[in-house]
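# Chain and residue survey
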Amino acid sequence: MKIKKYLSILLVMWSFSGFGQKIVLEGNWKYAVAEYRSFSSSLFNDSAWQQKDAGSLLLKKEELGGSKGYALLRKKVIIPSTFKPELRKTGTLSIFLGRIYQSDSVYFNGRLIGSTSSSDIKRNYILPTNDIQWDRENVIAIRMRHWGDISGLETGKPYIAAAPPSTVFVLNSDTRDEDKQVQINGRQIDYNLVVTNRSSIKTGADITAYFYDLSGKQLNSITKKITLDTGRNIARFTYKSPLPFIKVHYKVSIPRYTLTAGWNDAFGYNTVVYRSGQAVIADKVKDQFIPADVQQQVIKGWLGDRLRINEEKRLLQVDENAILAGFINRPGSHPWIGEHVGKFLDASANTYRNTGNKELKIRMDRTVQQLIATQLEDGYLGTYSPESHWTSWDVWSHKYNIIGLLNYYSLSGFKPSLDAAMKSGNLLCKTFGYNSGQKDLIKAGTHVGMASTSVLEPMVDLYRFTGDQKYLDFCYYIIKSMDQENGPKIISTLNATAGRVDKTANAKAYEMLSNLVGIVKLYKLTADQRFLTPVLLAWKNIVEGKLYITGTASSFEHFKEEGVLPAEDKDHMGEGCVTTTWLQFNYHLLCITGEMKYIDELERSVYNHLTGAENPQSGCVSYYTPLVGAKPYRCVITCCMSSIPRGISMIPLFANGTMEGKPSFLFYRSGEYTAMLAGQKKISFNMTTDFPVNGDVSITVISAQPSKIPVMFRKPYWAADFVIKVNGEDQATDGKEAAFIDRLWTKGDKISITFKMPLVLLNGGKSYPGNIAFQRGPQVLAYDQSLNKTELKSVYINGKDTTLTDASNALSSPWIGMQAYFINSYGEGLKGPIVLVPYADAGQSNGYVQTWLPVKKD
């Protein structure tokens, strides 16, 4: 009778694994695509759930039913007491699940036994011995988070077996952060390896600590014998390093299990004396706009505050250990963990150029050296285990590493940074191509290969910095691969559809924009017109039908049909990575063409969605930043957490610069700006303004040497009554987009600029018919429920007489920002006037934000 009961719950298949016998979890599993809080309990009733055979636990699109979120699996299993000898082999049992898409949490009899956030890691979770109900039902329950068209277990049938020694003994380091981060030259430090024994069996171990310099040369080694008790065991190695930076490799040998394991760590940093690294290949397309030397700029006021917040509350708070962990000890904790360190270096290099922050320099120097120390001999610089190299997001992560290393090199001239970038580039060139033995680049990345082909951008820069022809050849290989049968066909589709980005590849916005940035840079390098035409078509298509009023794009990370711009929490709109890459795209087009339409889009993003995605109070970042709903700020590491700081760090690159050799004012803000002129001459200005509070700007020439030069002043598209005076005299401002003043500029000249910022009512369009939004100057305004104390169901508009009055007294600490406005319209259910604030400021106190407002006319 007991045998029949066993078979009714589980088809038990005994076989021999590498370490002994195993129980294969045969038969049907129960699954659901809804979320149930108590689904892991043995008392949960799953009788209404659908069934899936153990050999095919991968749920496809049709089985997920279009759901975005969770999929659940349950299985009842009887573990016979005759299996106890397997338990005694290593002191515990494991459940082996293979790879799971995407992240998972696994429960055994209601207790969480493990979770993993990467689909690239094979799951192997230890079963709590005391929770095993021998000869009775046990419940295995799996919650899987997915964001694509598949979820579940990749291949093979799950099974239970003796836990392999490699999972019984868990390695980690326990050296103090302050010891890891200081220069360690001549300092005696305790280097601690923690070995956690997850079984009840004690055993002996030999542990050796090897110490290396940055080049990989061994400095010393120390060996110890210890007994591994149940729980945490610390092996302490005391060593006085002769160098300010070392890498440590721990080798653990456990004779009882013939187990050898390793663990890495890195400590300290060499101080780098910065001498900028220069490109050796010039672009064939000469820039019309050349950014001001950010070292010659001081940005104050509203923009300056946002730059300072980005530096102090975001970049200086990044967890270095977390972004490096997946390199130091592979594999990383999730598929794209490898992209964060490159993004951090890129943003930090831009920021350091502008501020010279000493603490930020230490962080960059330390991070670069620890990253370089993890590079494998063949140049590999990813976060995957060997069997998973060049899958999923591996090429993508190499892209960002090369970007970060090259920007750091251009800032510092630190040759090992360039060398590491070249080694990675060489490996890419060797690995991918059409020759025998090479891999297909399209197959090495997601989203129809767009993730992997986006490595085009840093490969262009590698050629610029080295002049090595193979990097340029690889760029052309990338372009050719796009048009393979399995490729994204970016250029050909954009040409054929007049730039319809929603009809190109799978319309994934971030990856496509990343490719477009690379194609623009290849055009600059080669002057090949076939690379410029499609990106201009794409830009036009995005602006005319894919762009939100706050300067971002994408819903559920994809471009939608023309005018379809859903903007609420549930729509996952405005991915932060898309905002930043859209900013980069416009920046490069501005440099190439000098056209003001690109600075218009840069301004739209900067004053709205870019800065609105980073909380000025905490520095936390929202992955998606809705126009309607609470901004979901978080401080955990995500792709957008790393991207938004990059975008903000770019602001000094286009606030000012020279347009066709003319000093140009593109953003009006307080601070200083120095323009470099021909013949090593320069002219410097001091700007004072409360913009964007008002449109009054005062500029004083502070350079000592008189300069006869035209100076350009941008006339923003939203500005009215634009007036310029020099030393009290009116100047001609006939140009549609800019005013040019050509004169002999001398020290003390006074320039005054005034303009009005009329309130503009924006139509809700296809997605929000009958709704309006308010724009004042470059800023979109929003209703923050925390300031108004109630929900706004609709707004009454008083015809054409809608005006704003100051409501800054409605703001109080800890609110950051000085702008708030009463509007002489009124809201349904409100007792007082409506308070609006800039969208970039809204939501910082977790208030519900409404940018699109339903209208009821009088």
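Residues numbered from 1 in each chain as written. Predicted model: local features only at pLDDT ≥ 70, side-chain atom pairs only at ≥ 80, totals over all residues. Heavy atoms only, no water.

Moving on, we come to the packing of helix α11 (residues 415-431) against helix α14 (residues 469-482). The contact between α11 and α14 brings their axes to 10 Å, and the two run at 50 degrees. The angle between α11 and α14 places the two elements in the oblique class. You can see that α11 and α14 cross each other, and the crossing is left-handed. Mapping the contact onto sequence places M422, G425, N426, L428 and C429 in α11 and K470, Y471 and F474 in α14. In terms of residue class, the contact of α11 with α14 is made up of 5 nonpolar, 2 polar and 1 charged. (Axes fitted to C-alpha atoms, helices over the stretch in contact; angles between N-to-C directions. Helix = DSSP H or I, 4+ residues; strand = E, 2+ residues; numbered from the N terminus. Parallel < 35°, antiparallel > 145°, perpendicular 65-115°, else oblique. Left-handed = near helix turned anticlockwise from the far one by under 90°. Contact = heavy atoms within 4.5 Å. Nonpolar A, V, L, I, M, F, W, Y, C, P; charged D, E, K, R; others polar.)

With that settled, the discussion passes to the pairing of strand β16 (residues 188-197). Counting buried residues in β16 gives 7 out of 10 residues, a clear majority hidden from the surface. Bridge analysis of β16 against strand β19 (residues 231-240) gives 10 bridges, and the strand direction is antiparallel. Residue pairing across strands places L193 opposite A235, the latter belonging to β19. (Buried < 20%, exposed > 50% of the residue type's maximum accessible area, 1.4 Å probe, protein only. Pairing = 2+ DSSP bridges.)

What follows concerns the environment of D229. As for its placement among the helices and strands, D229 is situated in the loop between β18 (218-228) and β19. D229 sits in the partly exposed class, given a relative accessible area of 32%. Residues in contact with D229, not counting those within four places in the same chain, are N197 and K202.

All right, on to the sheet that holds strand β8 (residues 100-101) then. In a beta sheet, neighbouring strands pair by backbone hydrogen bonds and run either parallel or antiparallel. Taken in spatial order, the 3 strands of this open sheet run β5-β13-β8, and their pairing is antiparallel. Each of the sheet's edge strands pairs with one partner strand only, and the pair in question is β5 (58-59) and β8. With 2 bridges joining them, β5 and strand β13 (residues 151-153) adopt antiparallel strand pairing. Counterpart to L58 in the pairing with β13 is G152.

This next bit is on the side chain of Q369. Residue position: Q369 is located in helix α9 (residues 358-373). In this structure, Q369 is in contact with L214, F245, Y269, N270, V272 and F414, ignoring residues within four places of it in sequence.

What follows covers the sheet that holds β19. With antiparallel pairing, 3 strands are arranged side by side in an open sheet as β15-β16-β19. The open sheet terminates on both sides in strands that have one partner only, identified here as β15 (169-173) and β19. Taking each pair of neighbouring strands and ignoring which way they run, the sheet shows an average axis angle of 20 degrees. When β15 meets β16, the two strands line up antiparallel, connected through 5 bridges. Along β16, the bridge assignment pairs V170 with T196.

Moving on to the state of the cysteines. Going through the model one piece at a time under the given rule, you end up with 1 disulfide. C620 shares a disulfide with C635; S-S distance 1.7 Å. Between C620 and C635 the disulfide shows an S-S torsion of about -75 degrees. By sign, it is left-handed. Here C620, found in the loop between α19 (596-612) and β24 (621-622), pairs with C635, found in the loop between β26 (633-634) and α20 (639-649); they are 15 residues apart in sequence, far enough to count as distant. Left without a disulfide partner, C639 is nearest to the cysteine sulfur of C577, which lies 3.5 Å away. When its relative accessible area of 5% is taken as the criterion, C639 is described as buried. (Disulfide = S-S within 2.5 Å.)

Per-residue pLDDT for the protein chain has a mean of 93; in total, 96% of the residues score no lower than 70. Across residues 1-18, confidence stays below pLDDT 50; counting only partners more than four residues off in sequence or on other chains, it has 37 contacts. (pLDDT = per-residue confidence, 0-100.)

Our next topic: the pattern of salt bridges. All chains considered together, the criterion is met by 49 salt bridges. The closest approach of N and O atoms between R366 and E320, which form a salt bridge, is 2.7 Å. Taken together, the residues span a long stretch of sequence, with R366 in helix α9 and E320 in helix α7 (residues 320-328) at a distance of 46 residues. Per residue, the accessibility class of R366 equals that of E320, and both read buried. By sharing partners, the salt bridges in this structure join D283, E457, D461, R464 and K521 into a single network. (Salt bridge = Lys/Arg side-chain N within 4 Å of Asp/Glu carboxyl O.)

Time to look at helix α17 (residues 529-545). Relative to the 24 Å expected for 17 residues at 1.5 Å per residue, α17 spans 25 Å between its end C-alpha atoms, a close match to the ideal helical length. Every buried residue of α17 is listed here: F531, L532, P534, V535, A538, W539, N541, I542 and G545. Those residues of α17 hidden inside the fold are in contact with α14, α15 (490-496), α16 (509-526), α18 (576-593) and α19. (Expected span 1.5 Å × (residues − 1).)

Turning our eyes to something else, we now look at the nonpolar core. If you look at the biggest cluster of nonpolar residues, it comprises 159 residues, and the most contacted ones within it are M459, I519, F585, F654, F713 and I753. It is α16 that contributes the most residues to this core, 11 residues altogether. The residues contacting I753, other than those within four sequence positions of it, are Y668, G695, D696, V697, I699, F713, F722, V723 and I724. By size, the runner-up hydrophobic cluster in this structure holds 30 residues, among which are L64, I100, L127 and M144. (Core = buried A, V, L, I, M, F, W, Y, C linked by side-chain atoms within 4.5 Å.)

Turning to its location among the elements, S684 is positioned in strand β30 (residues 682-689). Sequence-distant contacts of S684, that is, excluding residues within four places in its chain, are made with Y673, T674, T700, V701, I702 and S703.

Scanning the entire structure with this criterion turns up 42 aromatic pairs. Judged by centre distance (6.5 Å) and plane angle (50 degrees), the rings of Y191 and Y239 are tilted. Placement of Y191 in strand β16 and of Y239 in strand β19 is noted, with a sequence separation of 48 residues between them. The same class applies to Y191 and to Y239, which are both buried. We note K180 situated over the ring of F267; from NZ or CZ to the ring centre the distance is 6.0 Å. Residue placement shows K399 over the ring face of W396; its charged tip is 3.4 Å from the ring centre. (Phe/Tyr/Trp six-rings, centres within 6.5 Å; stacked < 30°, edge-to-face > 60°. Lys NZ or Arg CZ within 6 Å of the ring centre and 35° of its normal.)

To continue, consider unusual backbone geometry. Looking along the chain, the bond that leaves Y101 and enters Q102 is cis, with omega of -5 degrees. Along the chain, Q102 falls in the loop between β8 and β9 (103-108). Put simply, F691 and P692 share a cis peptide bond, and its omega is 10 degrees. Here P692 is to be found in the loop between β30 and β31 (696-701). The backbone of K489 shows a phi angle near 50 degrees, a positive value even though the residue is not glycine.

Turning our attention to the environment of P291. Structurally, P291 can be placed in strand β22 (residues 289-291). Contact partners of P291, with chain neighbours within four places excluded, come to Y587, L653, N656 and G657.

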